[in-house]
Number of protein chains: 2
Amino acid sequence: MKSSRQPSLLDQHCDYLKHIFRLQQAQSPVSTSALAESLKVAPSTVTDTLKKLSQKGLINYTPYHGITLTPKGEKLAVKAIRRHRIVERFLTDMLGFEWHEAHEEALRFETQLSDEVERRLFVALNRPKVCPHGYPIPSKVEDVRVEETTLYSLEPGERAEVISVKDDEPELLQFMASLGIKPGVKIKVVAKDPFKGPLQAVVGRNRRTVGWHLANSIHVRKLD
Amino acid sequence: MKSSRQPSLLDQHCDYLKHIFRLQQAQSPVSTSALAESLKVAPSTVTDTLKKLSQKGLINYTPYHGITLTPKGEKLAVKAIRRHRIVERFLTDMLGFEWHEAHEEALRFETQLSDEVERRLFVALNRPKVCPHGYPIPSKVEDVRVEETTLYSLEPGERAEVISVKDDEPELLQFMASLGIKPGVKIKVVAKDPFKGPLQAVVGRNRRTVGWHLANSIHVRKLD
DNA sequence: ATTATAATTTCGGCATTCCGAATTTTCAAG
DNA sequence: CTTGAAAATTCGGAATGCCGAAATTATAAT
Ligand SMILES: [Mn+2]
Ligand SMILES: [Mn+2]
Ligand SMILES: [Mn+2]
Ligand SMILES: [Mn+2]
């Protein structure tokens with residue numbers, strides 16, 4: 001396919017930047033294999049693309065030694081993340097999608113939207129602060145901040161408010177919703193089994209059992 | 001790019017079907033060169049793609065003798081047209097775009113939308129009957145009907161209602177809007193110069209001069 | 001320092017979409 | 001019937017994105 005815009009970014013490249021940005025938060029520099037797994041392509045494919053991104057000045061790439069985003073790449077990554085979250089919001093607020101559908105649905109077409117459509121969507125949605133999963137809709141790099149504390153890190157007796165939940169596993173999200181867990185909800189941990197065992201908690205006014213994986217997908221802020 | 005869906009249609013193919021459908025209304029079978037011009041690609045490229053479409057059973061293709069849509073291809077073309085018009089409506093009604101922007105903006109991302117998003121958009125828009133330019137939003141082949149009469153075919157003294165206006169030339173649309181011409185508006189032809197000369201008309205309560213090309217881009221229905 | 005293992009890159013290849021130049025086919029005129 | 005121009009197709013080739021297998025590099029263990 002002939003690209004309609006020469007200087008601008010290929011959709012695929014935006015995708016790479018988004019994934020690199022996310023992986024970078026856990027570990028920097030990001031490795032080829034981590035990116036490959038995240039993007040679900042072969043490592044050799046990633047190496048190909050990395051060279052192009054490097055040439056465009058979007059990443060610092062030292063063969064065999066991983067990659068980091070350049071300031072320019074970081075800006076574009078934030079732009080892509082912002083767009084993704086606005087589109088998610090559109091899908092839930094204006095079209096009535098469930099939050100577990102919104103993430104994947106957004107991925108389908110978000111890269112094709114013009115800046116103008118994004119701007120107008122944001123306005124039509126009343127300038128939302130967060131996506132349906134509780135993550136901030138960023139304007140700049142500093143805005144992309146994730147609550148460090150997860151539900152699993154709480155000790156029995158502690159109370160916390162759910163800030164955001166990982167949105168990349170639809171089934172997990174759906175199950176979470178069935179437990180009444182979503183941003184804004186208050187949770188009190190009652191008990192926690194050792195060895196990454198499940199956790200007992202009161203969600204709203206229901207008693208729930210929450211497994212390790214699920215509890216670690218929930219970002220919270222401790223209350224008093 | 002790896003396609004996520006094997007049996008389904010490539011975006012490009014939908015595009016071909018849409019164009020073939022439109023050209024077919026003027027002349028059937030459609031020629032390679034007509035399609036090439038419409039799609040703005042080289043004739044050799046069209047020939048390549050035609051073979052693929054033919055193999056998928058979407059068109060009847062006899063080399064050197066033009067193409068027609070099969071029933072299957074026709075159905076998909078109508079589906080694509082429907083989607084386009086719903087998205088245009090979304091852009092004008094929900095995001096406040098001008099109608100001259102809506103058409104091109106829609107082309108950018110319409111092919112990426114899932115059926116479910118389309119369905120929900122349609123409902124959220126209150127099941128509109130026509131696109132912003134006055135063309136029907138079709139459910140089946142028969143629904144795609146264009147008013148045959150254009151403003152230019154009227155004789156002085158005749159009155160008509162604007163039904164739809166050609167939407168593929170943004171500048172023309174913008175100019176049209178500045179003259180107060182849009183679907184639903186009533187126009188009375190006052191005079192018409194010979195030899196494809198301009199036409200004098202009363203639009204609403206303003207006197208306007210309308211050139212041949214413009215007047216032929218306006219589909220009308222005669223009144224009484 | 002050597003060596004094995006894992007991570008990464010290189011290489012050749014496949015598929016798609018596009019193009020221009022050369023060739024083939026059609027069809028209308030003579 | 002020829003024949004010549006227009007239209008369409010074939011052919012070779014470029015760019016992109018992807019992959020698996022082979023080669024290379026890093027690095028951790030001996
Ligand atoms: Mn998401
Ligand atoms: Mn989200
Ligand atoms: Mn249109
Ligand atoms: Mn329209």
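Please read these numbers as outputs of a predicted model, since none were measured by experiment.

Definitions and limits used
- Residues numbered from 1 in each chain as written.
- Chains lettered and ligands numbered in written order.
- Predicted model: local features only at pLDDT ≥ 70, side-chain atom pairs only at ≥ 80, totals over all residues.
- Heavy atoms only, no water.
- Donors = N, O, S within 2.8 Å, 3.2 Å for Na, K, Ca; no water.
- Helix = DSSP H or I, 4+ residues; strand = E, 2+ residues; numbered from the N terminus.
- Contact = heavy atoms within 4.5 Å.
- Buried area = accessible area lost by both parts, 1.4 Å probe.
- Nonpolar A, V, L, I, M, F, W, Y, C, P; charged D, E, K, R; others polar.
- Axes fitted to C-alpha atoms, helices over the stretch in contact; angles between N-to-C directions.
- Parallel < 35°, antiparallel > 145°, perpendicular 65-115°, else oblique.
- Near = heavy atom within 4 Å.
- Polar contact = N/O pair within 3.5 Å; in protein donor to acceptor, adjacent residues only side chain to side chain.
- Buried < 20%, exposed > 50% of the residue type's maximum accessible area, 1.4 Å probe, protein only.
- Pairing = 2+ DSSP bridges.

Peer 1: What is the right way to look at the coordination of the manganese ion (ligand 1) in this model?
Peer 2: Each pair of donors in an ideal four-coordinate tetrahedral metal site encloses 109.5 degrees, whereas pairs in an ideal six-coordinate octahedral site enclose 90 or 180 degrees. Residue and element names in this part refer to chain A. Protein-derived ligands of the manganese ion (ligand 1) are His84 (NE2), Glu88 (OE), His103 (ND1) and Asp167 (OD), with the metal-ligand distances lying across 2.0 to 2.1 Å. Read in sequence order, the donor residues coordinating the manganese ion (ligand 1) give the pattern H-x3-E-x14-H-x63-D. In this structure the manganese ion (ligand 2) is found 3.4 Å away from the manganese ion (ligand 1), and glutamate 88 serves as a bridging donor for the pair. Placement of the pair is histidine 84 in helix α4 (residues 71–93) and aspartate 167 in the loop between β3 (159–165) and α7 (170–178), with a sequence separation of 83 residues.

Peer 1: I would appreciate a short explanation of the interface of chain B and chain A in the present structure.
Peer 2: Reports often express the size of an interface as the amount of accessible area lost when the parts come together. Listed as interface residues are 20 residues of chain B and, on the opposing side, 20 residues of chain A. Taking both sides of the interface into account, the surface hidden between chain B and chain A amounts to around 1,800 Å²; carbon and sulfur atoms contribute 64%. Looking at the side of chain B that touches chain A element by element, the count peaks at five residues for helix α6 (residues 115–124) of chain B. The class makeup of the residues in the side of chain B that touches chain A is ten nonpolar, three polar and seven charged.

Peer 1: Would you mind going over the packing of helix α1 (residues 11–26) of chain A against helix α3 (residues 43–55) of chain A with me for this structure?
Peer 2: Describing two packed helices takes the angle between their axes plus the distance from one axis to the other. All names here are of chain A. Here α1 crosses α3 at 100°, and the two axes come no closer than 11 Å. In terms of orientation, α1 lies roughly perpendicular with respect to α3. Two secondary-structure elements touch here, α1 through Gln12, His13, Tyr16 and Ile20 and α3 through Thr45, Val46, Thr49, Leu50, Lys52 and Leu53. Its residues placed into classes, the contact of α1 with α3 shows five nonpolar, four polar and one charged.

Peer 1: So what exactly am I meant to see when it comes to the protein's contact with DNA strand D here?
Peer 2: Near DNA strand D, the surroundings consist of 22 residues, among which Gln12, Ala42 and Thr45 of chain A together with Ser33 and Tyr61 of chain B are the closest. Counted by atom, the contact set of DNA strand D within 4 Å of the protein is 77% sugar and phosphate. A distance of 2.6 Å is found between a phosphate oxygen of DNA strand D and a side-chain nitrogen or oxygen belonging to glutamine 12 of chain A. For DNA strand D, a sugar or linking oxygen lies 3.3 Å from a polar atom in the side chain of tyrosine 64 of chain B. Among the elements of the structure, α3 of chain A together with α2 (32–39) and α3 (43–55) of chain B are those that each provide at least two residues to the surface near DNA strand D.

Peer 1: I would appreciate a short explanation of the protein's contact with DNA strand C in the present structure.
Peer 2: Taken together, 22 residues sit near DNA strand C, with Ser33 and Tyr61 of chain A together with Gln12, Ala42 and Thr45 of chain B positioned nearest. Within 4 Å of the protein, the contacting atoms of DNA strand C are drawn from sugar and phosphate to the extent of 75%. Between a phosphate oxygen of DNA strand C and a main-chain N or O atom of tyrosine 64 of chain A, the distance comes to 3.3 Å. Threonine 45 of chain B is positioned with one of its side-chain polar atoms (N or O) 2.6 Å from a phosphate oxygen of DNA strand C. If you list the elements that add at least two residues to the surface near DNA strand C, you get α2 (32–39) and α3 of chain A together with α3 of chain B. Of the residues that constitute the surface near DNA strand C, the class distribution is nine nonpolar, nine polar and four charged.

Peer 1: Even after reading the chapter, I still don't get the coordination of the manganese ion (ligand 4), so can you show me in this structure?
Peer 2: Residue and element names in this part refer to chain B. On the protein side, the manganese ion (ligand 4) has Glu88 (OE), Cys131 (SG), His133 (ND1) and Asp167 (OD) as donor atoms, found 2.1 to 2.7 Å from it. A gap of 3.4 Å separates the manganese ion (ligand 4) and the manganese ion (ligand 3), which glutamate 88 links by coordinating each metal. In this pair, histidine 133 is assigned in the loop between α6 and β3 (159–165) and aspartate 167 in the loop between β3 and α7 (170–178), connecting sequence segments 34 residues apart. Just as histidine 133 is buried, aspartate 167 falls in that class too.

Peer 1: Whenever I open this one, the environment of cysteine 131 of chain B confuses me. Can you help?
Peer 2: Residue and element names in this part refer to chain B. Relative to the helices and strands, cysteine 131 resides in the loop between α6 and β3. Judged by its relative accessible area of 2%, cysteine 131 is buried. For the pair cysteine 131 and arginine 85, spaced 46 residues apart in sequence, the C-alpha separation works out to 5.0 Å.

Peer 1: Would you take a moment to explain the sheet that holds strand β4 (residues 186–192) of chain B for this structure?
Peer 2: Residue and element names in this part refer to chain B. Taken in spatial order, the five strands make up an open sheet running β6-β5-β4-β3-β7, and their pairing is antiparallel. Both outer strands of the open sheet, β6 (206–210) and β7 (218–222), are each paired with one neighbouring strand and no more. Averaged over neighbouring strand pairs, the angle between their axes works out to 40° when direction is ignored. The pairing of β3 with β4 spans three bridges and is antiparallel. Bridged to alanine 160 within β4 is isoleucine 187.

Functional significance is not addressed by these values, which are geometric in nature.
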